[in-house]
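Inside the fold
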There are 2 protein chains.
Amino acid sequence: MADSRASDGDSDDMVPAPRRRARVRPEERYAEFVRTAVELFSEEGFEAGTRELAQRLGVTQPLIYRYFPSKDDLIAAVYREIYENRWKSAWRTGLEDESVPIRTRMLAFYTDYSDTIFTPEWLRIYLFAGLRGVDINRRYAGAVEREVLRPIAAAARRAIGLDPADDLLPEEVELFWTLHGGIFYYGVREIVYGFEMPVDRATMIVNAVDTFLGGATAVLRRIQADHAPAGAGLRPKSG
Amino acid sequence: MADSRASDGDSDDMVPAPRRRARVRPEERYAEFVRTAVELFSEEGFEAGTRELAQRLGVTQPLIYRYFPSKDDLIAAVYREIYENRWKSAWRTGLEDESVPIRTRMLAFYTDYSDTIFTPEWLRIYLFAGLRGVDINRRYAGAVEREVLRPIAAAARRAIGLDPADDLLPEEVELFWTLHGGIFYYGVREIVYGFEMPVDRATMIVNAVDTFLGGATAVLRRIQADHAPAGAGLRPKSG
DNA sequence: CGATTTATTTATCGATCGATAATTTCCGGG
DNA sequence: CCCGGAAATTATCGATCGATAAATAAATCG
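Residues numbered from 1 in each chain as written. Chains lettered and ligands numbered in written order. Predicted model: local features only at pLDDT ≥ 70, side-chain atom pairs only at ≥ 80, totals over all residues. Heavy atoms only, no water.

The name given to chain A in an unreviewed UniProt entry is Helix-turn-helix transcriptional regulator, with Methylobrevis albus as the source organism.

Our next topic: the overall build of chain A. A count of helices and strands for chain A gives 10 helices and zero strands. Across chain A, helices and strands are ordered from the amino to the carboxyl terminus as α-α-α-α-α-α-α-α-α-α. Of all 239 residues assigned to chain A, the portion counted as buried reaches 46%. In chain A, once contacts between residues fewer than 6 apart in sequence are set aside, the share between residues at least 24 apart is 68%. Of the roughly 12,400 Å² of accessible surface on chain A, a fraction of 50% belongs to carbon and sulfur atoms. (Helix = DSSP H or I, 4+ residues; strand = E, 2+ residues; numbered from the N terminus. Buried < 20%, exposed > 50% of the residue type's maximum accessible area, 1.4 Å probe, protein only. Contact = heavy atoms within 4.5 Å. Areas by Shrake-Rupley, 256 points an atom, 1.4 Å probe, with all protein chains shown as cover.)

Looking at the element boundaries, A:Asn137 is found in helix H8 (residues 136-160). Ignoring anything within four residues of it in the chain, the contact list for A:Asn137 reads A:Tyr126, A:Ala129, A:Gly130, B:Tyr193 and B:Phe195.

Residue and element names in this part refer to chain A. Contact geometry of helix H6 (residues 102-117) with helix H10 (residues 201-227) gives a least axis separation of 10 Å together with a crossing angle of 140 degrees. In this view, H6 runs oblique relative to H10, as classed from their interaxial angle. Two packed elements cross with a definite hand, and for H6 against H10 that hand is right-handed. Touching Arg103, Met106, Leu107, Tyr110, Thr111, Ser114 and Asp115 of H6 are Arg201, Ile205, Val206, Val209, Asp210, Phe212 and Leu213, all from H10. (Axes fitted to C-alpha atoms, helices over the stretch in contact; angles between N-to-C directions. Parallel < 35°, antiparallel > 145°, perpendicular 65-115°, else oblique. Left-handed = near helix turned anticlockwise from the far one by under 90°.)

Another point: the relation of the copies chain A and chain B. Each of the two chain copies can be generated from the other by rotation about an axis followed by a shift along it. Note on the identical chains: chain A maps onto chain B by a rotation of 180 degrees and an axial translation of 0.0 Å, with an RMSD of 0.0 Å. Put plainly, the chains are arranged around a two-fold axis. Comparing interface residues between copies, 98% of those in chain A also lie at the interface in chain B; the contact surface is shared. (Least-squares fit on C-alpha atoms with pLDDT ≥ 70 in both.)

The partner chain B presents 43 residues to the 44 residues of chain A that form the contact. For the chain A and chain B pair, buried surface summed over both sides reaches about 3,800 Å², with 65% attributable to carbon and sulfur atoms. Notably, a salt bridge pairs A:Arg222 with B:Asp210, separated by 2.8 Å at the nearest N-O pair. At the boundary of chain A and chain B, one finds 12 residue pairs in polar contact (both at pLDDT 80 or more). Among the secondary structure elements, those contributing two or more residues to the side of chain A that touches chain B are helix H7 (120-132), H8, helix H9 (170-192) and H10 of chain A. A per-element tally of the side of chain A that touches chain B places H10(A) first, with 14 residues. Class assignment of the residues belonging to the side of chain A that touches chain B gives a composition of 24 nonpolar, 11 polar and nine charged. (Buried area = accessible area lost by both parts, 1.4 Å probe. Salt bridge = Lys/Arg side-chain N within 4 Å of Asp/Glu carboxyl O. Polar contact = N/O pair within 3.5 Å; in protein donor to acceptor, adjacent residues only side chain to side chain. Nonpolar A, V, L, I, M, F, W, Y, C, P; charged D, E, K, R; others polar.)

Our focus in this paragraph is the packing of aromatic side chains. Residues and elements named next belong to chain A. Going through the model one piece at a time under the given rule, you end up with 50 aromatic pairs over all chains. Relative to tyrosine 186, the ring of phenylalanine 118 has its centre 6.3 Å away and its plane inclined at 25 degrees; by these criteria the two rings are stacked. Taken together, the residues span a long stretch of sequence, with phenylalanine 118 in the loop between H6 and H7 and tyrosine 186 in helix H9 at a distance of 68 residues. Classification of tyrosine 186 by relative accessible area gives buried; the value is 2%. (Phe/Tyr/Trp six-rings, centres within 6.5 Å; stacked < 30°, edge-to-face > 60°.)

Let's shift gears to empty space enclosed by the protein. As enumerated under the stated definition, the model contains six cavities of 30 Å³ or more in all. The volume enclosed by the largest cavity comes to roughly 160 Å³. Every residue lining the largest cavity is counted, 14 residues in all, and those nearest its centre are A:Leu179, A:Phe212, B:Thr178, B:Leu179 and B:Phe212. Elements with a minimum of two residues in the lining of the largest cavity: H9 and H10 of chain A together with helix H9 (170-192) and helix H10 (201-227) of chain B. In terms of residue class, the lining of the largest cavity is made up of eight nonpolar, six polar and no charged. (1 Å grid on protein atoms, 1.4 Å probe; cavity = no way out; pocket = protein on both sides within 12 Å on 5 of 7 lines; lining within 4 Å. Points joined across faces, edges and corners; volume = space filled by probe spheres on them.)

Given below as structure tokens:
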């Protein structure tokens, strides 16, 4: 266990030891620091110490401060690594491709999306960040709604014969959030809570999307009708 | 800011001050400590210091250790306070009441359930605990599945004409998890991430449940069919 | 009232944290 | 080969953490 090299300033009575100090190009060091910080913070949260990070890297703790002015800057780099570098613009374009049935589009998206975010690093850091109150989650959820849910909702309108030109109603968007949250929470149970999942991801996604699409038509029509101007021709009264 | 009383052992040059020390019955103190610890930990996580807890209570920090052998024992008391004392056995009995339509039962349950857990204390501590890796979340999710989701799934079977005697298939239970997770995640977005929610809880629940029930019948029948023994006529035999 | 009990405070320890200054070692350019 | 700059280390500071021992003050009981 006590590898002793790159340890803290404890007055160890170890022999001077062959402590070598491999020199690395700055950009490589920086990327290596961020990568290892993602791993460490995803496991232990942002309260994890810079000394443990240094130990995992095989370097001494003050070296971190040559590359990051403060720990908060390191954390900010971790955020960028995960939530900017792993977002795929193809998600939106795929969801907007009207040559493909909406069910196929949704299945393809949620398959790729879950493969991307259902990792300990992504999910745990996302939850840690949310509990810390940083604006990362707000911004990320805004992107999800703008780039994913609203395109899906607009496509669903066309599929069920509603006017796609109308602005999406909050209730409509919210309905797609519940599907999204249901799939997201599958990942939380699997990755964060470590449950044994007796149903594999692909099956879960198919069942969730089919259930949603099977029931969404009627609910979306009801939502639309409830917001339509009263007094018009036939009144699909709400239940 | 520096209220100075109940402060740490810093050599302050303040005057002795009228430091009074109100004496409280032990059980009241204990309950007061747990209550305030729930509040503090839900805001700042379990890394919050015992000194801040003492400050909020208007007592000194070592007094905490007269009532809790260690900080972990205090945390355990916080878990009990939230996840045992706030569970309602009426949830299960209400869900199993077959004199009421399943839709009504589900709406009533999710209305009361969300009122119970959609608080910063409940949700934030739940997420903090999950990230810490304690078994609280495993046990709680097990209770949700046993006391809530499986009763709902069994009721849904009867409602759509499937054999309620058969054991529930994992895929069936998982489907109800997606609905549950979708509603749960609404609370996370509202309470933990602090989003402005343009759709109120009751409307979200009605739409989510109606969408689910509208699409679940076909999917549940498909699940059942896929697990039925091939070649037989109509055999609702359990696998 | 005085004696006893105990809730509460004062004072402090050892460990750990983020961060900085000073020193040493590595490496490329002349 | 040596020299200058930068990478990496050693050493350390001040703050904060959980926890403990000893002193003090409030309630209880005779």
